[in-house]
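Inside the fold
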Amino acid sequence: MPVYDYRCENCGCFEKMQKITEDALSECPSCGGKVQRLISKNVAIVFKGSGFYATDNQQQLKNKARAVNKERQKDNEALLDGDVKSFVKQSDSSDKKIAEA
Ligand SMILES: [Zn+2]
């Protein structure tokens, strides 16, 4: 589960462990003040199954690696936009495409 960094207008920065699909906190758990979620570096290292199989030959592996990288780049672009929900959606669709490849 990734750890998210938040910044409270009263208490300053704190960390909260949340599922990637959970909504961001809007209120500080200690003072009830307004909080802003900061994009955590932990989210960027989410790693899902490679989609590689032992029976694939070298050329197939290369082609797959290229396809995977192309899809993952889209994931990262969604993530760089700071939109975690889009990232999850994009990531799921990448998984589907990779599985079909
Ligand atoms: Zn607070």
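Analysis parameters
Residues numbered from 1 in each chain as written. Predicted model: local features only at pLDDT ≥ 70, side-chain atom pairs only at ≥ 80, totals over all residues. Heavy atoms only, no water. Donors = N, O, S within 2.8 Å, 3.2 Å for Na, K, Ca; no water. Tetrahedral: all angles 85-135°; square planar, octahedral: opposite > 155°, others 65-115°. Helix = DSSP H or I, 4+ residues; strand = E, 2+ residues; numbered from the N terminus. Expected span 1.5 Å × (residues − 1). Buried < 20%, exposed > 50% of the residue type's maximum accessible area, 1.4 Å probe, protein only. Arc of directions from axis to C-beta. Contact = heavy atoms within 4.5 Å.

- Looking at an unreviewed UniProt entry, the chain carries the name Putative regulatory protein FmdB zinc ribbon domain-containing protein, with the source organism given as Syntrophomonas wolfei subsp. wolfei.

**Structural notes on the coordination of the zinc ion**
- At 2.1 to 2.3 Å from the zinc ion lie its protein donor atoms, namely Cys8 (SG), Cys11 (SG), Cys28 (SG) and Cys31 (SG).
- Because the angles between the 4 donor atoms bound to the zinc ion fall within 101 to 115 degrees, the donor set is best described as tetrahedral.

**Thoughts on helix 2 (residues 84-100)**
- Taking 1.5 Å per residue, 17 residues should reach 24 Å; helix 2 reaches 24 Å between its end C-alpha atoms and fits that length.
- Every buried residue of helix 2 is accounted for by Val84, Phe87, Val88, Gln90, Ser91, Ser94 and Ile98. Here the buried residues of helix 2 occupy an arc of 170 degrees about the axis, which is enough to place them on one side. Set apart from the buried face of helix 2 by more than 90 degrees, the exposed residues are Lys85, Lys89, Lys96 and Glu100.
- Buried-residue contacts for helix 2 involve strand 1 (3-8), strand 3 (35-38) and helix 1 (58-80).

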